[in-house]
Amino acid sequence: MTTLSTKTPVIDPTPWTQKALARAKSAREGTWALERRRAAIGTLGTLSLPKRDDELWRRTDFGTLEMWLATLDPFSQPPMARNVDDLPAPVIERLAGEGTRAALLVQRDAGVVLEQTHPTLQSQGVTVCSLDRATREHEALLGPHYGSLLHDDYDWYAALGSSLRQGGAFVHVPKGVKAELPVRLFHWLDGAGRLVAPRSVVVVEAGAEVTMIEEYLSETVEGASLHAGGVEVFVGDGAKVTYAQIQDWGRNVFHYGNTRARLGRDAELQWMQVMVGGRMTKANGYFNLDGTGARAFVNGFMFGDQRQHFHLHTLQRHLQPHTTSDLLIKCCLKDRARSVYQGLIQVAEKAQRTDAYQANRNLLLSDQARADSIPGLEILANDVRCTHGATLGFLDPDHLYYLMARGLPRLEAQRLIVEAFFEPVIERIPLETVRERLRGEIERKID
Amino acid sequence: MNGDLIVKDLHVSVEGKEILKGLSLGVKKGEIHALMGPNGSGKSTFANTLMGHPKYEVTSGDILWKGESILEKETDERARLGLFMAFQYPVAIPGLTFGSFLRAALNARLAPADPHANGKVPTKKGMPPKEFRELLRKQMKMLKVDDSFATRYLNDGFSGGEKKRAEILQMAVLKPEIAIMDETDSGLDIDALKVVSEGVNALAGPHLGILVITHYNRILNYITPSRVHVMIDGRIVTSGGPELALELETRGYDWVREEVSSR
Ligand SMILES: Nc1ncnc2c1ncn2[C@@H]1O[C@H](COP(=O)(O)OP(=O)(O)OP(=O)(O)O)[C@@H](O)[C@H]1O
Ligand SMILES: [Mg+2]
């Protein structure tokens, strides 16, 4: 890995941000949103590219990307899709004929090309549209939420994302409504040299329920692209959200992603974080348990090969008493792949009777792969149950032998073991077609 | 010595220590042999060496399958030839369902040997899922195993007895030609022992040769061996008919040891 401390490229994003502003104006972005954008641009000006002495960037070097950065185009936007048939073939394939069994929002390069609500969801009063549209049409709902969890000054990439923001989804589920169909978000890149900055906001009111599946897809091409996106999820009192985020980019994509969730009283969040694609991933997921009785279940897996690099940072933040968080991240690496899992549990002083669990399991298929696990606890309350643990190991030769003794060739045995390793996480992911896709992806990677 | 499986003067070491010291044995399809011996005499080492466990190093001697040496063959190749071992200590693999594992194994077993396949064996093709489920259900019934077995994770949380039944269930589905049962009787209560023995007897016949490894006579009350071999310190020291097992039952192994040392 190259260290670029001696020649960090100087990137002046001003031409981009000015153009982004001008474009947002001509697209008649809501005035309040334009204000936020200006503020983000201001913040961006005060920040510099992440440095290696920043604890959250010490193990992930975006140097390769930063050399490309100036050549990327943040405004590449293909024509709108009239319907599902106009979408890129791989997206259609992923829909597996279930495109009519969900609300759909598809982003292609920098812009949303398809917003397809569903009559059933519409009649339930569920809103699904692009965030751009929502800045104009849903200010009252979106304004107070947008940016309240994900702050522009988090780091340079977060500020860049807010400054260049285009696309992403706004989803609103009214009080007490249990959305009968899932909402599916797709991100697609048409080639290299793209910079995309979608932002999504999901607001699920008290007692409401929804299932969200978000997938990031593209073909592998020469060159680099950057995704710098963010998702904010608000789970109201007694509401329930199931959210699966699946990063399956082509190998040339750098993925920078922030997810933030806030849970109200007795709210439940089932969060699935899958990372199998891309060149490098830097993902930060913060889960704020901000209401008594709130429960967050976070399950995730990464599977890396060749020189893929995944960095996942999570924060389980217990702000109120009687809250539960249960996190399990599994990671399997082959070849020279590398992963970093950095997990923190924070328990505020008044968050008594908290249960917080964090587990990270790493399976290495090659002695050149490397997985780092950095757990942390900051507990200010005294009546809590908190555990965290990490394991690291190679394939168990006894497992391999057992399967081979039943006639399964070594590779096949290995495949079954790796699938078994991931299965408990996969089986929590909504939609069988999505699960099958992931199993296929794992299988392809093993061979 | 004759048989479909022939072991000739086998010497085996583990981590430099010799465990098997010249073991010879032949098993033919249709026969049932019992291999008895005290703890640590090398029974499991023998079974695992037959299966090709990488930790056991054959320093001399040979293992022949239908006349051809299989020493160079990997564990999975031996299994696909029709050699089976019921493990003394089966491992648990959470996340892998018993049914999907066994279906993959069966498809591997059914796949015709293709010299051009480069060691690849299609485990997804083969018996259609529906047909497999029916076959599995039938065998589960025979072994009085609960239907939920198929969807449970492999040996995960199985009781000792369930694990042993699961081993025999695999044997029933994979239909080996020679099966080694390494202490399948240990850990079984009397009812389970009966069920398992009945299962084994149902599978036994002209197409299957069986080597039952055990300490006790117990299982031999249900499964009648044609030959009984006594193993001490890495060698077969004496062989005989079923009556030998009874003698061991009443007199223990010491008399055999004495007899051997006085030879
Ligand atoms: N993998 C191994 N590593 C080191 N030593 C081994 C290994 N396997 C077997 N041995 C040694 O070889 C000897 C024979 O062991 P083995 O398990 O074959 O005996 P056994 O007859 O099956 O005993 P039991 O009746 O207790 O099952 C023992 O001394 C054992 O410690
Ligand atoms: Mg043994």
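Note that this is a predicted model, so its numbers are computed, not measured.

A. Structural detail: the interface of chain A and chain B. Counting from both sides, the interface comprises 21 residues of chain A and, opposite them, 36 residues of chain B. Together, the buried faces of chain A and chain B total about 2,300 Å²; carbon and sulfur atoms form 64% of this surface. Contact with chain B buries surface across chain A, with Tyr401(A), Tyr402(A) and Arg406(A) losing the most and accounting together for 36% of the total. Between the two partners, chain A and chain B, sit two salt bridges.

B. Structural context of the packing of helix α9 (residues 397-404) of chain A against helix α10 (residues 410-426) of chain A. Residues and elements named next belong to chain A. Where α9 contacts α10, the two axes come as close as 9 Å, and the packing angle between them is 120 degrees. By the angle class used here, α9 and α10 are oblique. Crossing of α9 over α10 shows right-handed handedness. Across the interface between the two elements, His399, Leu400, Leu403 and Met404 from α9 touch Arg410, Ala413, Gln414, Leu416 and Ile417 from α10. For the contact of α9 with α10, the class distribution of residues is six nonpolar, two polar and one charged.

C. Here's a closer look at the domain arrangement of chain A. Residue and element names in this part refer to chain A. Looking at chain A, the domain boundaries give domain 1 (14-291) and domain 2 (395-447). Between the C-alpha centres of domain 1 and domain 2 the distance comes to 31 Å. Every contact between the two is made by 18 residues of domain 1 and, on the other side, 10 residues of domain 2. Here domain 1 packs against domain 2, burying approximately 1,200 Å² in sum over the two surfaces, 65% of which is carbon and sulfur. Per-residue buried area on domain 1 facing domain 2 is highest for Arg94, Met272 and Val276; these three make up 33% of the total on that side. Where domain 1 packs against domain 2, one counts one salt bridge. In this structure, Arg437 and Glu93 form a salt bridge, with 2.8 Å as the shortest nitrogen-oxygen distance. The tally of links from domain 1 across to domain 2 stands at four residue pairs in polar contact (both at pLDDT 80 or more). Among the elements of the structure, α4 (89-95), β8 (209-218), β10 (240-248) and β12 (268-275) are those that each provide at least two residues to the side of domain 1 that touches domain 2. Among the residues making up the side of domain 1 that touches domain 2, the classes are represented as eight nonpolar, three polar and seven charged.

Rules of the game
Residues numbered from 1 in each chain as written. Chains lettered and ligands numbered in written order. Predicted model: local features only at pLDDT ≥ 70, side-chain atom pairs only at ≥ 80, totals over all residues. Heavy atoms only, no water. Contact = heavy atoms within 4.5 Å. Buried area = accessible area lost by both parts, 1.4 Å probe. Salt bridge = Lys/Arg side-chain N within 4 Å of Asp/Glu carboxyl O. Axes fitted to C-alpha atoms, helices over the stretch in contact; angles between N-to-C directions. Helix = DSSP H or I, 4+ residues; strand = E, 2+ residues; numbered from the N terminus. Parallel < 35°, antiparallel > 145°, perpendicular 65-115°, else oblique. Left-handed = near helix turned anticlockwise from the far one by under 90°. Nonpolar A, V, L, I, M, F, W, Y, C, P; charged D, E, K, R; others polar. Domains from an automatic or database assignment. Polar contact = N/O pair within 3.5 Å; in protein donor to acceptor, adjacent residues only side chain to side chain.

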